[in-house]
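Inside the fold
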Amino acid sequence: MASAFNLLTAGGAKFDKNRFQRDFELFGGKKDRKGKGKASTKPTNLHNATTLPHSLDFFGDHPAAPSKPVQVEVESDSDSDASSSSSSSSVHIAPPTQKITLTGSDPLPKSLDTSLSSLTSLDSASTPSRGGETLLKALKTANINSLWGVQCAVGGCLLEGRDTICVAPTGSGKTLSYILPTLVKLGDPSRSLKETEEGKGVRALVLVPTHDLAIQIHGVVNAVTRGRSWRSLVLTKATEKAVCDSSPGPSRSKQNADGQPEEDVEDDEQSEDDEESTGSVDEFAQPKSGNPSGLGIDILIATPERLHHLVETSRISLASTRHIILDESDRLLSPDFLPQVEPILKGCTHQDVQKSFFSATMPSGVEEIAKKWIKDEGVRVVVGVKDSAVTTVDQSLLYTGSESGKLLALRNLISTGSLPYPSLIFVQSIERADELYKNLILEGIKVDVVHGGRGKSKRDEAIKNFRLGHVWMLVVTEVLARGMDFRGVKVVINYDFPQTVQSYIHRIGRTGRAGRPGKAITYFNVEDGPYLRTIANVLRSSGCPVPDYMLDMRKPTKDQKRNLAKAPIKRKAVGGGGRDVAREDGRKRKQMVEASKKRKVKLDE
DNA sequence: AAAAAAC
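Just so it is clear, the model here is predicted, and its values are computed rather than measured.

A few points about the overall build of chain A
Along chain A, the regular secondary structure elements total 23 helices and 14 strands. Looking at chain A as a whole, 58% of its 605 residues qualify as buried. For chain A, the proportion of contacts with a sequence separation of at least 24, taken over those separated by at least 6, is 80%.

Set out below in structure tokens:
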């Protein structure tokens with residue numbers, strides 16, 4: 001326990017002001033490009049274009065703002081970016097450093113050093129050529145000047161062509177850790193490769209559990225491929241056709257194991273009709289050669305369901321895909337998604353396809369599933385302590401007594417001005433999200449709500465406004481718990497108790513990113529009692545004080561399960577709910593307890 | 001039990 005604490009605190013406390021700044025720009029760039037009325041400045045000028053309101057300006061008003069660097073032991077030599085172009089920074093602040101553990105068959109890949117050039121200078125199988133040079137240039141434009149720990153380690157693995165499972169904390173830089181090496185391995189954009197086999201179809205596939213995360217990752221890709229002709233798309237209804245068109249002809253899918261040859265031909269005819277109706281080129285004029293335009297998609301970012309559908313109906317082939325990345329992979333390999341994800345993985349039939357799996361949490365049961373898809377030469381990268389919360393978040397638990405007590409507590413925070421913005425409020429259901437949203441409007445705050453029941457464009461809009469600072473508080477469901485990078489978020493409030501440890505870790509990981517401080521407050525009531533202990537253990541492992549009685553609380557037994565989802569926000573908690581023992585719940589609680597035990601056991605990893 | 005993810 002103590003060792004875990006030390007390990008964690010040794011890690012999270014370094015700062016890289018340059019890096020934060022460029023991260024902001026990175027995402028600002030995406031927003032601005034899409035912004036309607038916004039002055040369409042160059043993406044790099046975003047910081048100026050969308051000046052942060054004071055409340056969002058982390059470095060301006062936070063007491064812990066590193067006007068001088070936080071003093072932590074320096075063990076990395078990532079000082080190469082000290083002379084960055086960033087105006088307001090003569091101080092060098094190092095990125096978060098944590099212990100990184102690689103396991104796998106020998107020889108283990110050598111970690112890259114923190115300089116960007118280590119991405120392209122490697123004499124790996126890839127063709128360095130001009131691709132590397134222009135990538136470096138693009139990174140500098142995006143104000144990315146050095147690699148972080150996870151990016152060095154994962155970069156080494158992916159560049160060597162190894163399949164990889166990576167468990168790294170929230171906000172530690174996982175997205176870039178797979179995007180950058182993938183770009184290097186792809187070498188040149190499909191546009192420059194149109195005559196070659198390699199440039200066709202979906203060249204790299206990133207699979208994520210939510211639409212919103214897909215959009216965000218697309219923004220990252222855009223930011224690091226600025227000025228080049230890389231073709232990256234999010235698979236949506238709108239882009240579906242273009243994505244199918246990029247797929248090599250059906251002749252290819254015939255070679256696949258599960259292909260349905262006869263129907264392919266008919267599908268082809270069908271597609272052709274669709275083509276013409278949308279005024280596209282006659283891509284399928286030559287069915288057997290397929291996609292004569294030769295325009296592939298370099299990086300496709302997709303959610304499982306739509307892609308699964310396209311694969312199952314043979315409208316798209318992943319037979320030429322060389323890279324498949326599962327982000328939030330424990331979620332994607334959970335029973336909810338597995339039926340869709342498995343066929344997609346199966347569809348990647350190229351003999352050289354590289355598979356990689358990423359998450360901040362990785363229950364061992366799920367990791368076993370991931371391993372089944374990985375070659376013997378696979379590498380496991382663990383940054384810090386697996387399945388632990390980031391230590392940069394100040395976590396606390398707050399007893400609110402009753403349902404109405406929650407709203408009271410939140411209102412109190414707001415009215416006393418003690419709730420720093422921007423903040424993120426998690427609730428358990430769509431209904432409760434809408435209801436809390438309505439209540440908060442009455443408080444006169446700039447608030448919006450995001451959940452799966454809202455249209456995609458509304459979601460995009462709300463998230464954009466939140467990033468821009470036009471929205472101070474976002475009421476959300478689990479949909480935004482994972483992966484979303486709101487760099488400025490100061491507080492996460494778990495208005496409703498998270499249902500799993502994983503959920504808790506991901507939710508509070510929306511703040512305290514990249515070594516920055518953050519705060520997480522979790523409300524709980526009597527009915528959350530059984531689950532409290534598990535979460536309390538997480539707090540303690542990451543160094544946050546927890547009253548002893550919480551850890552002593554009895555293990556979850558057959559407590560009545562509150563139907564929280566249907567409980568109105570305003571109403572007082574109704575006593576005497578269902579008394580029945582929900583077997584499902586028992587099972588899940590056991591998993592939670594198991595997971596936390598395992599976490600403790602594996603502290604020395 | 002809810003959420004998410006296609007039509």
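Don't stop here, the text continues.
Description of the sheet that holds strand β11 (residues 447-450)
Strands sit in the order β9-β14-β13-β10-β12-β11 across an open sheet of six strands; the sheet is parallel. One side of each edge strand has no neighbouring strand; the edge strands of this open sheet are β9 (393-401) and β11. Averaged over neighbouring strand pairs, the angle between their axes works out to 20 degrees when direction is ignored. Strand direction decides the pairing type here: strand β10 (residues 423-426) and strand β12 (residues 473-476), joined by four bridges, are parallel. Of the residues in β12, the one forming a bridge with F426 is V476.

Describing the pattern of salt bridges
This structure, assessed with the given rule, holds 23 salt bridges. Two residues, R482 and E328, come together in a salt bridge whose shortest N-O distance is 2.9 Å. Here R482 is found in the loop between β12 and β13 (491-494), whereas its partner E328 is found in the loop between β6 (323-327) and α14 (329-332), with 154 residues between them in sequence. When sorted by exposure, R482 lands in the same class as E328, which is buried. Residues R482 and D330 are paired through a salt bridge, measuring 2.8 Å at the closest nitrogen-oxygen approach. Here R482 is found in the loop between β12 and β13, whereas its partner D330 is found in helix α14, with 152 residues between them in sequence.

So, the protein's contact with DNA strand B
With respect to spatial proximity, 23 residues lie near DNA strand B, and among them R306, H309, D336, G452 and Q499 are the closest. At the protein interface, 54% of the atoms of DNA strand B within 4 Å belong to sugar or phosphate. Here R331 contributes a side-chain N or O atom positioned 3.4 Å from a base nitrogen of DNA strand B. G452 places a polar main-chain atom, nitrogen or oxygen, 2.2 Å from a phosphate oxygen of DNA strand B. Those elements that place two or more of their residues in the surface near DNA strand B are α13 (304-312) and α18 (430-441). Partitioned by chemical class, the residues of the surface near DNA strand B number five nonpolar, 10 polar and eight charged.

A short note on the confidence of the model for chain A
Per-chain confidence: chain A averages 76 in pLDDT, with 66% of residues scoring 70 or above. For the stretch residues 1-94, pLDDT sits under 50, and the model shows 176 contacts to residues farther than four places along the chain or on other chains. Here residues 251-290 is modelled with pLDDT under 50, and outside its nearest four sequence neighbours on either side it reaches 46 contacts, counting other chains as well.

Remarks on the nonpolar core
Counting residues in each nonpolar core, the largest one holds 60 residues, and the members touching the most others are L139, I217, I301, L474 and L480. Both domains that furnish three or more residues to this core are identified here as domain 1 (101-112 + 153-383) and domain 2 (393-604). V202, L207, I324 and L332 belong to the second-largest nonpolar core, a separate cluster that totals 36 residues.

Some words on the pairing of strand β5 (residues 297-302)
Within β5, six of the six residues are buried, which leaves it mostly tucked inside the rest of the structure. When strand β3 (residues 202-207) meets β5, the two strands line up parallel, connected through five bridges. Bridge pairing in β5 places L205 opposite L300. Sheet topology note: the strand β4 (residues 232-234)/β5 ladder contains three bridges and is parallel. In the strand pairing of β5, V234 is matched with I301.

Regarding the side chain of E240
Within the element layout of this structure, E240 appears in helix α10 (residues 240-246). What makes E240 buried here is its relative accessible area of 14%. Dropping the residues within four chain positions of it, E240 is found in contact with L235, R306, L310 and R315.

Examining the domain arrangement of chain A
As far as domains go, chain A holds domain 1 (101-112 + 153-383) and domain 2 (393-604). In this assembly, 16 residues from domain 1 lie in contact with 20 residues from domain 2. When domain 1 packs against domain 2, the two sides together hide about 1500 Å² of surface, and 52% of this comes from carbon and sulfur. When the area that domain 1 buries against domain 2 is broken down by residue, the three leading residues are T170, D212 and Q216, summing to 35%. At the boundary of domain 1 with domain 2, the tally comes to three salt bridges. For the pair domain 1 and domain 2, the number of links is 10 residue pairs in polar contact (both at pLDDT 80 or more). Going through the elements one at a time, α9 (211-224) and α14 are the ones with two or more residues in the side of domain 1 that touches domain 2.

Structural notes on the packing of helix α17 (residues 403-415) against α18
Helix-helix packing is characterised by the crossing angle of the two axes and by the distance between the axes. Between α17 and α18, the shortest axis-to-axis distance is 12 Å and the interhelical angle comes to 40 degrees. The angle between α17 and α18 falls in the class oblique. In the packing of α17 onto α18, the handedness of the crossing is right-handed. Two secondary-structure elements touch here, α17 through E403, K406, L407, L410, R411 and I414 and α18 through R432, L436, N439 and L440.

Examining helix α15 (residues 338-347)
The buried count for α15 comes to seven of 10 residues, which makes it a mostly enclosed element. Taken together, the buried positions of α15 are L338, Q340, V341, P343, I344, L345 and G347. Lining the buried residues of α15 we find β3, α13, β6, α14, β7 (354-359) and α16 (364-372).

Here's the deal with the pairing of β7
Within β7, six of the six residues are buried, which leaves it mostly tucked inside the rest of the structure. The side-chain alternation of β7 yields two buried faces, one formed by Q354, S356 and F358 and the other by K355, F357 and S359. Direction of pairing for β6 relative to β7: parallel, over a ladder of five bridges. Its bridge partner being in β7, I325 is matched across the sheet by S356.

Structural notes on the sheet that holds β6
The strand order across the open sheet built from eight strands is β1-β8-β2-β7-β6-β3-β5-β4, with neighbouring strands paired in mixed fashion. The two strands at the open ends of the sheet, each matched to only one other strand, are β1 (100-104) and β4. Averaged over all neighbouring strand pairs, the angle between strand axes comes to 15 degrees, with direction disregarded. Against the sheet, α9 touches β3, β4, β5 and β6, its axis set at about 170 degrees to β4.

Conventions used here
Residues numbered from 1 in each chain as written. Chains lettered and ligands numbered in written order. Predicted model: local features only at pLDDT ≥ 70, side-chain atom pairs only at ≥ 80, totals over all residues. Heavy atoms only, no water. Helix = DSSP H or I, 4+ residues; strand = E, 2+ residues; numbered from the N terminus. Buried < 20%, exposed > 50% of the residue type's maximum accessible area, 1.4 Å probe, protein only. Contact = heavy atoms within 4.5 Å. Pairing = 2+ DSSP bridges. Axes fitted to C-alpha atoms, helices over the stretch in contact; angles between N-to-C directions. Salt bridge = Lys/Arg side-chain N within 4 Å of Asp/Glu carboxyl O. Near = heavy atom within 4 Å. Polar contact = N/O pair within 3.5 Å; in protein donor to acceptor, adjacent residues only side chain to side chain. Nonpolar A, V, L, I, M, F, W, Y, C, P; charged D, E, K, R; others polar. pLDDT = per-residue confidence, 0-100. Core = buried A, V, L, I, M, F, W, Y, C linked by side-chain atoms within 4.5 Å. Domains from an automatic or database assignment. Buried area = accessible area lost by both parts, 1.4 Å probe. Parallel < 35°, antiparallel > 145°, perpendicular 65-115°, else oblique. Left-handed = near helix turned anticlockwise from the far one by under 90°.

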